[in-house]
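Residue-level listing of the chains:
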Amino acid sequence: MVDDEGDCYVDDKYQPLTLRDIDSYRVDPGLQDFLERKRAEAGVPRHEFRVLDFGCGRGQSVALLRRQGWQAYGLEVDEQWIRYAEPGLREAGLYEPGLLRIGKNAGGPGFDDGFFHLVYSSSVFEHVLDLPAAVGDITRMTTAGGWGYHWFIGRWSPVERHLDMPLVHWLPKNRLRWCMVAAAVLAGKEPGWKAVAAMDFWQRVNVYYDYSVRETIYRPVTAYQNAFIDAGQQVELEVLNHPRLRGSRLSALNQIPGGKRMLEALCTTFKIVIVSTQKPATA
Ligand SMILES: C[S@@+](CC[C@H](N)C(=O)[O-])C[C@H]1O[C@@H](n2cnc3c(N)ncnc32)[C@H](O)[C@@H]1O
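All figures in this text were calculated on a predicted structure; none of them were measured in a lab.

J.: Can you break down the sheet that holds strand β5 (residues 142–153) residue by residue, with the values?
T.: Spatially, seven strands are ordered β3-β2-β1-β4-β5-β9-β8 in an open sheet, and the strand pairing comes out mixed. Edge positions in the sheet fall to β3 (100–102) and β8 (234–237), since each of these pairs with one other strand and no more. On average, each strand axis in the sheet is inclined to that of its neighbour by 20°, with strand direction left out of account. This element, helix α11 (residues 259–270), spans β8 and β9 (272–278) of the sheet and lies at about 110° to β9.

Here you go:
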């Protein structure tokens, strides 16, 4: 996850999860709030409420939710993240086989149809290459009447958060973007990945550019909304319900006519998108 502190996923997390990582991790307050509300709505105790972290990475959020008593699981496309997760989960006494799995779309066992009360993801959708397949699998694994909560980076956020470089993802994936990456590196704007520390200027530019081309894909919000609708789910923008925004001065905009829509559009375009979903109770 790329958090508000600019935490860099690519480099610093290519190493096993530790107990310290789990201890210092905080579940996003918006997700925590949503989980509580939906668990109460379902009338199910925490230890029976099954939640899936879709694109769980090293599984730190699964570990923390398990500690809090939720029945949390993780799904990945990349086996290496599951390997990195295991030492920390074992050390924390939270490990059990099958807790984190490779999804069916990636040739793994995945989870059964309708297994989860709630599926969430953090900073995953801007990495998902086949959106209909991912949303279809999320929908399949969600129980009838179950929910989803997904946050990801807004398409026109001024800074590409993985690279810590301004505007590079605004440009097409061609020489133009490559030049922008080179300009950013020249200006000293780099993410500080340890893996590239020994490389020269041009090598670093190529690594960053390749990452941006191969690992990220920024789409309009409507593409995500339509993908969930096409999969048969209801979808709503959730960004204004986030506790951090509710408590901020920006929320005063809510009071003026049209202010809510404007604030929602500004947040989802330039900062983050949060969508909540619900699968109909009957098929
Ligand atoms: C930026 S990381 C975020 C990891 C984790 N959610 C976190 O907050 O630390 C994106 C993750 O999404 C995973 N991912 C990308 N596409 C996926 C897909 N179609 N299904 C499941 N996971 C996917 C990647 O392997 C990677 O671990």
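J.: Tell me what's going on with helix α6 (residues 131–141), and back it up with residues and numbers.
T.: Burial analysis of α6 places eight of its eleven residues in the buried class, the great majority of the element. Considered for burial, the residues of α6 that qualify are Leu 131, Ala 134, Val 135, Asp 137, Ile 138, Thr 139, Arg 140 and Met 141. Where α6 is buried, its residues meet β1 (50–54), β2 (71–76), β4 (116–122), β5 and α9 (221–230). Where α6 begins, one side-chain oxygen reaches toward the backbone nitrogen of Ala 133, 3.2 Å away; that side chain belongs to Asp 130.

J.: Please set out the packing of α6 against α9 residue by residue, giving values where relevant.
T.: If you want to describe how two helices pack, look at the angle between their axes and the distance between the axes. Look at α6 against α9: their axes get within 9 Å of each other, and the N-to-C directions meet at 45°. Judged by the inter-axis angle, α6 sits oblique to α9. Pair α6 / α9 crosses with right-handed handedness. On the side of α6, the interface is formed by Leu 131, Val 135 and Ile 138, while α9 contributes Ala 223, Tyr 224, Ala 227 and Phe 228. Tallied by class, residues from the contact of α6 with α9 come to seven nonpolar, no polar and no charged.

J.: Got a sec to walk through a nonpolar patch on the surface? Specific residues and values, please.
T.: Together, Trp 156, Leu 167, Trp 170, Ile 256, Met 262, Leu 266 and Phe 270 make up a nonpolar patch on the protein surface, roughly 610 Å² of accessible area in all. Tracing the sequence through the fold places Trp 170 in the loop between β7 (165–166) and α7 (175–186). By relative accessible area, Trp 170 is classed as partly exposed at 36%.

J.: With reference to specific residues and values, describe unusual backbone geometry.
T.: We note that Ser 123 has phi near 55°; this positive angle belongs to a residue other than glycine. Mapped onto the fold, Ser 123 is located in the loop between β4 and α6.

J.: Any details on the domain arrangement of the protein chain? Residues and values, ideally.
T.: The assigned domain composition of the protein chain is domain 1 (9–155 + 217–278) and domain 2 (163–215). Here the C-alpha centroids of domain 1 and domain 2 sit 27 Å apart. If you look at the interface, domain 1 gives ten residues, while domain 2 gives ten residues. Carbon and sulfur atoms supply 52% of the area that domain 1 and domain 2 bury against each other, a total of about 790 Å² over both sides. Where domain 1 touches domain 2, the interface holds zero salt bridges. Counting the contacts that link domain 1 with domain 2 gives one residue pair in polar contact (both at pLDDT 80 or more). Split by residue class, the side of domain 1 that touches domain 2 holds four nonpolar, two polar and four charged.

J.: Can you break down the environment of Gln 278 residue by residue, with the values?
T.: Relative to the elements of secondary structure, Gln 278 occurs in strand β9. When its relative accessible area of 27% is taken as the criterion, Gln 278 is described as partly exposed. Note: C-alpha distance between Gln 278 and Trp 147 (131 residues apart in sequence) is 4.4 Å. Setting aside anything within four residues of it in sequence, one finds Gln 278 in contact with Gly 145, Gly 146, Trp 147, Gln 233 and Gln 234. A distance of 3.0 Å separates a polar side-chain atom of Gln 278 from the backbone oxygen of Gly 145.

Calculation notes
- Residues numbered from 1 in each chain as written.
- Predicted model: local features only at pLDDT ≥ 70, side-chain atom pairs only at ≥ 80, totals over all residues.
- Heavy atoms only, no water.
- Pairing = 2+ DSSP bridges.
- Helix = DSSP H or I, 4+ residues; strand = E, 2+ residues; numbered from the N terminus.
- Axes fitted to C-alpha atoms, helices over the stretch in contact; angles between N-to-C directions.
- Contact = heavy atoms within 4.5 Å.
- Buried < 20%, exposed > 50% of the residue type's maximum accessible area, 1.4 Å probe, protein only.
- Polar contact = N/O pair within 3.5 Å; in protein donor to acceptor, adjacent residues only side chain to side chain.
- Parallel < 35°, antiparallel > 145°, perpendicular 65-115°, else oblique.
- Left-handed = near helix turned anticlockwise from the far one by under 90°.
- Nonpolar A, V, L, I, M, F, W, Y, C, P; charged D, E, K, R; others polar.
- Patch = residues over 30% accessible without salt bridge, like charges linked within 9 Å, V, L, I, M, F, W, Y side chains within 5 Å.
- Areas by Shrake-Rupley, 256 points an atom, 1.4 Å probe, with all protein chains shown as cover.
- Salt bridge = Lys/Arg side-chain N within 4 Å of Asp/Glu carboxyl O.
- Domains from an automatic or database assignment.
- Buried area = accessible area lost by both parts, 1.4 Å probe.

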